Amino acid sequence: TIRNTIESILKSCENERSELVIVNDGSTDRTKDILDGYGKLDNVIVIHQENKGVSVAKNKGLDSIDKDTNLITFIDDSDLISENFVKVAKHFFSEHKDIKVAITPIKVMRNEQTCDHVLNYRFQRSQNFIDIMRDYKCIHFHIGGIVFSSELYESGQLKFNESLSYWEDADMFNSIILSELKYGLLKDSHYYYDRNNETSLSRKIWSSEKRYTYHIKESYFSLI
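A. Looking closely at a nonpolar patch on the surface. Taken together, the side chains of Ile 216, Tyr 220, Phe 221 and Ile 224 make up a nonpolar region of the molecular surface, amounting to roughly 450 Å² of accessible area. Within the secondary structure, Tyr 220 sits in helix H8 (residues 213-223).

B. Representation of helix H4 (residues 85-95) in the model. Listing the buried residues of H4 in full gives Phe 85, Val 86, Val 88, Ala 89, Phe 92 and Phe 93. Here the buried residues of H4 occupy an arc of 165 degrees about the axis, which is enough to place them on one side. Along H4, the residues that are exposed and aim more than 90 degrees away from the buried face are Lys 87, His 91 and Glu 95. The inward-facing, buried residues of H4 abut helix H1 (2-12), strand E3 (71-73), strand E4 (80-81), strand E5 (101-103), strand E9 (146-149) and strand E10 (182-185).

C. Broad picture of the packing of helix H6 (residues 168-180) against H8. In the contact formed by H6 and H8, the axes pass within 10 Å of each other and the chain directions differ by 10 degrees. Accordingly, the angle class assigned to the pair H6 and H8 is roughly parallel. In the packing of H6 onto H8, the handedness of the crossing is left-handed. Residue-level contacts link Asp 171, Asn 174, Ser 175 and Leu 178 of H6 to Ser 219, Ser 222 and Leu 223 of H8. Broken down by class, the residue content of the contact of H6 with H8 amounts to 2 nonpolar, 4 polar and 1 charged.

Rules used throughout
Sequence positions are assigned chain by chain, starting from 1 and proceeding in written order. Totals for whole chains, interfaces and linings use every residue, but because this is a predicted model, local features are given only for residues with pLDDT of at least 70 and side-chain atom pairs only at 80 or more, for both listing and counting. Remark: hydrogens and water are excluded; side-chain values derive from all non-hydrogen atoms of the structure. Patch definition: residues with relative accessible area over 30% and no salt bridge; like charges joined within 9 Å; nonpolar side chains (Val, Leu, Ile, Met, Phe, Trp, Tyr) joined within 5 Å. Computed with the Shrake-Rupley method and a 1.4 Å probe, the accessible areas treat only the protein chains shown as cover for residues. We count a salt bridge whenever a side-chain nitrogen from Lys or Arg sits within 4 Å of a carboxyl oxygen from Asp or Glu. Put simply, DSSP marks the helices as runs of H or I at least four residues long and the strands as runs of E at least two long, and each gets a number from the N terminus on. A 1.4 Å probe rolled over the protein chains alone gives each residue an accessible area, and that area as a share of the maximum for its type sets the label: buried under 20%, exposed over 50%, partly exposed in between. Directions from the helix axis toward the C-beta atoms define the arc. By the convention used here, residues are in contact when the closest approach between their heavy atoms is within 4.5 Å. The convention used is that axes are lines fitted to C-alpha atoms, helices contributing only their stretch in contact, and that angles between N-to-C directions extend from 0 to 180 degrees. An angle below 35 degrees is treated as roughly parallel, one above 145 as roughly antiparallel, one from 65 to 115 as roughly perpendicular, and anything else as oblique. Take the far helix as your reference; a near helix turned counterclockwise from it by less than a right angle gives a left-handed crossing, and one turned clockwise gives a right-handed crossing. Note on residue categories: nonpolar means Ala, Val, Leu, Ile, Met, Phe, Trp, Tyr, Cys or Pro, charged means Asp, Glu, Lys or Arg, and polar means any other residue, Gly included.

Listed below in structure tokens is the structure:
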């Protein structure tokens, strides 16, 4: 799956000035060997570290980006992006200088079928952004398909809470939205979310005690 993910990213980045930072958070299979092969490409950086969790891995990736970076996105290790993902994001931010973060529709891949994510209704409106004071039901909580302006990183807003082992993306994204009060809609591209892996963190967390009282206390309350 990691090969498919990387090839999907490289395809979307063709003819674009881009950089791919891959953080291997302590994998125990052949992932390291596969990544080292891609690390030979000029625009790919591969970082290997002991398993420290998703938040530490994402922050490590952020701290390794080139200083000239304008846009940042995160892609999980078995997910895919559409071929026009980068092109659509670049065009949107060039047209909307006042917007610092935007999202693309999510397609869920499961059992050889692809369907729309339940929150994709937001993209069926005429405007190209969500004003959360007016469209307060247009929630978002998944890191996949979000594109950030590097201004958020430079200001310290684009940082993951390393005490959280999941929902760290929703915590960070919604903290930004509470400050910005709006986010853009990248209507013409897609992020493909792989739901086939039964051992993934997002699937396993439902059986963890931290998914409940701890989650409400440590994540929801801070946003409220």
